[in-house]
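Observations on chain architecture
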Amino acid sequence: MVGPAERRWRLGLTGLLAVYGWICLRTPDTFRWLDSLDLAIHETGHLVFAFGGETLTVLGGTLFQLLVPAALGLALWRQGDRHGATVPLWWLGQNCWNIARYVRDAQTEALPLVGGGEHDWAFLLDHWGVLERDQAIGRTVYLAGMLCYLAAVAGGWLVLRAQEPMRASSTGETS
């Protein structure tokens, strides 16, 4: 059980994530401060998964971008911080939106890439023989992000609601 001050802080955080997520959804082409962190994690993923050959190395950027928030969420969940676990779940959803944009760019390759180089998703989708489906695959990844976002915001609110202290009834008795 969290105290009243912490509960208010956590409610504010959940509200902030809801609003910030909505802004991200409304303006998907805007590069934001969190995108810089996501990009660094993505690029690190290429190095982390370099042991597995070309395909895994290329896929590793996206994998790491998903694994980092998932691991943080799992760690918080296992520690019993259910509300805390909703924050990296939100981050996972936000990462899916960025990944979806990258996937949908696979055929046109219009997005600027760090250091030039090969477009991860153009390579991967072509390698798997589904390059022409980049838009549909991107929409599916985007939907996964929406589901994470909604689950994180609703879950954060519900966890805090469940931890709300019992209130006295109008007769003065407690429930």
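A brief look at the structure comes next. (Residues numbered from 1 in each chain as written. Predicted model: local features only at pLDDT ≥ 70, side-chain atom pairs only at ≥ 80, totals over all residues. Heavy atoms only, no water.)

This next bit is on the environment of Trp-91. Note on placement: Trp-91 falls in helix H4 (residues 82-104). For the pair formed by Trp-91 and Gly-21, sequence separation is 70 residues and the distance between their alpha carbons is 9.3 Å. Setting aside residues up to four positions removed in sequence, Trp-91 forms contacts with Leu-34, Leu-37, Asp-38, Ile-41, Val-68, Pro-69 and Leu-72. (Helix = DSSP H or I, 4+ residues; strand = E, 2+ residues; numbered from the N terminus. Contact = heavy atoms within 4.5 Å.)

In this section: the pattern of salt bridges. Taken as a whole, this structure holds two salt bridges when the rule is applied. Note that Arg-10 and Glu-6 form a salt bridge whose closest N and O atoms lie 2.8 Å from each other. One end of the pair, Arg-10, and the other, Glu-6, are both in helix H1 (residues 4-26), four residues apart, so they sit about a helical turn from each other. In this structure, the salt-bridge partner of Asp-81 is Arg-10, at a minimum N-O distance of 2.8 Å. Here Arg-10 lies in helix H1 and Asp-81 lies in the loop between helix H3 (53-78) and H4, a separation of 71 residues in the sequence. (Salt bridge = Lys/Arg side-chain N within 4 Å of Asp/Glu carboxyl O.)

Below, the discussion takes up the nonpolar core. Core analysis: the largest hydrophobic core is formed by twelve residues, namely Leu-17, Ala-18, Tyr-20, Cys-24, Leu-25, Leu-34, Ile-41, Trp-90, Trp-91, Trp-97, Tyr-149 and Ala-152. Secondary-structure elements contributing two or more residues to this core are H1, helix H2 (33-48), H4 and helix H6 (134-162). Among the elements that make up this core, the one with the highest residue count is H1 (five residues). Of all hydrophobic cores here, the second largest spans eleven residues; its members include Val-58, Ala-122, Leu-124 and Leu-125. (Core = buried A, V, L, I, M, F, W, Y, C linked by side-chain atoms within 4.5 Å. Buried < 20%, exposed > 50% of the residue type's maximum accessible area, 1.4 Å probe, protein only.)

In this section: the packing of H4 against H6. Contact pair H4 / H6: the axes reach a minimum separation of 7 Å and the direction vectors enclose 165°. Here H6 runs roughly antiparallel to H4, going by the angle between their axes. Judged by the twist between their axes, the crossing of H4 over H6 is left-handed. A per-class count over the contact of H4 with H6 returns 19 nonpolar, eight polar and four charged. (Axes fitted to C-alpha atoms, helices over the stretch in contact; angles between N-to-C directions. Parallel < 35°, antiparallel > 145°, perpendicular 65-115°, else oblique. Left-handed = near helix turned anticlockwise from the far one by under 90°. Nonpolar A, V, L, I, M, F, W, Y, C, P; charged D, E, K, R; others polar.)

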